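# Structural overview for review
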Amino acid sequence: MGKQLLLEVSLISSVFVIVGLMWLALRHSAMNPSAIMQKLLTGLLAIFLIMAGTVKFFEPFNTMFTKQIALSGLPLPEIARWAGQLGEISAGLGFLIVLTLSKVLTKNIIRKVFYCSSLLALSIMFVAVYVHLIPEVTAEFLPLQSKPPILTLIVMLLIGLNVWIFRSFKNE
């Protein structure tokens, strides 16, 4: 297993450890199971997106991400790179606000932050799928060194599931 792949797997594993600790804290709470699931998904997305955006400031991820943008032919590559990194961090922080400040802020503000974060994260994931499908972007520059956008599609499904649960149960 390559050093880069080992680093990526360990980062993703740490996200699941943190969410597992959240589950341990929430499992005996008075909340209904759907509310617990929504909190766990929101926490997972928050931590994952903040981590994914932040690691791109450090090597080897900075070089990989810069190379992905350059090889994909996205317009304004320097702006696209910053927009991707800061967009992931912003969406993650938005989910973190929903997770931690839902009792402090109004339902309307929480709803807006939640949907804006979800839309931003989905937009970034759509661009990521596009980048994965560009033949010039080889697997060595992609997350988990995987040409099919498996991780990206999983994140998109989690965002969709989180929106569905939020709409179904959070706003009754």
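Here we summarise the structure given alongside this text.

### Focus: the environment of P149
- Secondary-structure assignment places P149 in the loop between α5 (107–133) and α6 (150–170).
- If we ignore the near neighbours within four places in the chain, the residues touching P149 are V129, H132 and L133.

### Side note on the nonpolar core
- Counting 30 residues, the largest nonpolar core has F48, L49, F95, M125 and I159 as its most contacted members.
- Contributing elements (two or more residues each) for this core: α1 (3–26), α2 (33–55), α3 (61–72), α4 (77–100), α5 and α6.
- When sequence neighbours within four positions are dropped, the list of residues in contact with F48 reads I12, V15, L151 and V155.
- Core analysis: the second largest hydrophobic core is formed by eight residues, I69, A80, I134 and V137 among them.

### Points about the packing of aromatic side chains
- Taken as a whole and assessed by the stated rule, the structure comprises five aromatic pairs.
- Between F57 and W82 the ring centres are 5.6 Å apart and the planes differ by 55 degrees, which places this aromatic pair in the tilted class. Of this pair, F57 sits in the loop between α2 and α3 while W82 sits in helix α4, and the two are 25 residues apart along the sequence.
- With centroids separated by 5.4 Å and ring planes inclined at 75 degrees, the aromatic side chains of F114 and Y115 adopt a geometry described as edge-to-face.

Procedures and definitions
Residues numbered from 1 in each chain as written. Predicted model: local features only at pLDDT ≥ 70, side-chain atom pairs only at ≥ 80, totals over all residues. Heavy atoms only, no water. Helix = DSSP H or I, 4+ residues; strand = E, 2+ residues; numbered from the N terminus. Contact = heavy atoms within 4.5 Å. Core = buried A, V, L, I, M, F, W, Y, C linked by side-chain atoms within 4.5 Å. Buried < 20%, exposed > 50% of the residue type's maximum accessible area, 1.4 Å probe, protein only. Phe/Tyr/Trp six-rings, centres within 6.5 Å; stacked < 30°, edge-to-face > 60°.

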